[in-house]
Amino acid sequence: MYMSHSQPKYAHPPLETKRRVCRDERERVVLAQLRCNGKSPIFQKYLYDIGASLCDACLQCGQSPDDLHHALYDCPEVDVFRSLIPGDPMVSFWESPLQMIEFLRASQRLPIA
Ligand SMILES: [Zn+2]
């Protein structure tokens, strides 16, 4: 059976961004989580799903569920920081990881370095 050798455009994070963009291991882990499936302990929905939180609401605005989509597109408390994202956020995780890390820091999802 013929198998296509074409690969997804982004089969894995560009290796050269790993240490240059993400200054600490936690940031690298979060970036990988968000690139893979969006499940990360930086979101209350994930913490709720694994039994580590009693509520899945966003700590900043109170809306539920607090997940990747909420953080990137809906949370009104971080509207001002969305200008840090150069394009579609889901693409920017791959093409502009530095800007996405800055957005997550500004949104208080990551510690400010
Ligand atoms: Zn929110």
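- Looking up the protein in an unreviewed UniProt entry gives the name Reverse transcriptase zinc-binding domain-containing protein, with the organism given as Elysia marginata.

Description of the overall build of the protein
Move 1: Helix and strand counts for the protein come out as six helices and zero strands.
Move 2: Along the protein, helices and strands appear, N-terminal first, in the series α-α-α-α-α-α.
Move 3: For the protein, long-range pairs separated by at least 24 residues make up 31% of all intrachain contacts whose partners lie at least 6 apart in sequence.

Side note on the nonpolar core
Move 1: Leu31, Leu34, Leu68, Met100 and Leu104 are the most contacted members of the largest nonpolar core, which has 13 residues in total.
Move 2: Of all elements in the fold, only helix H2 (25–36), helix H4 (68–74) and helix H6 (97–106) reach the threshold of two or more residues within this core.
Move 3: Ignoring any residue separated from it by four or fewer positions in sequence, one finds methionine 100 in contact with Ile85, Ser92 and Phe93.

Considerations on the environment of serine 40
Move 1: Looking at the secondary structure, you find serine 40 in the loop between H2 and helix H3 (44–49).
Move 2: Between the alpha carbons of serine 40 and leucine 68 there is a distance of 8.5 Å; along the sequence they are 28 residues apart.
Move 3: Ignoring anything within four residues of it in the chain, the contact list for serine 40 reads Val30, Gln33, Leu34 and Tyr46.

Parameters and conventions
Residues numbered from 1 in each chain as written. Predicted model: local features only at pLDDT ≥ 70, side-chain atom pairs only at ≥ 80, totals over all residues. Helix = DSSP H or I, 4+ residues; strand = E, 2+ residues; numbered from the N terminus. Contact = placed C-beta atoms within 7 Å. Core = buried A, V, L, I, M, F, W, Y, C linked by C-beta atoms within 7 Å. Buried ≥ 20, exposed ≤ 12 C-beta atoms within 10 Å, placed from the backbone.

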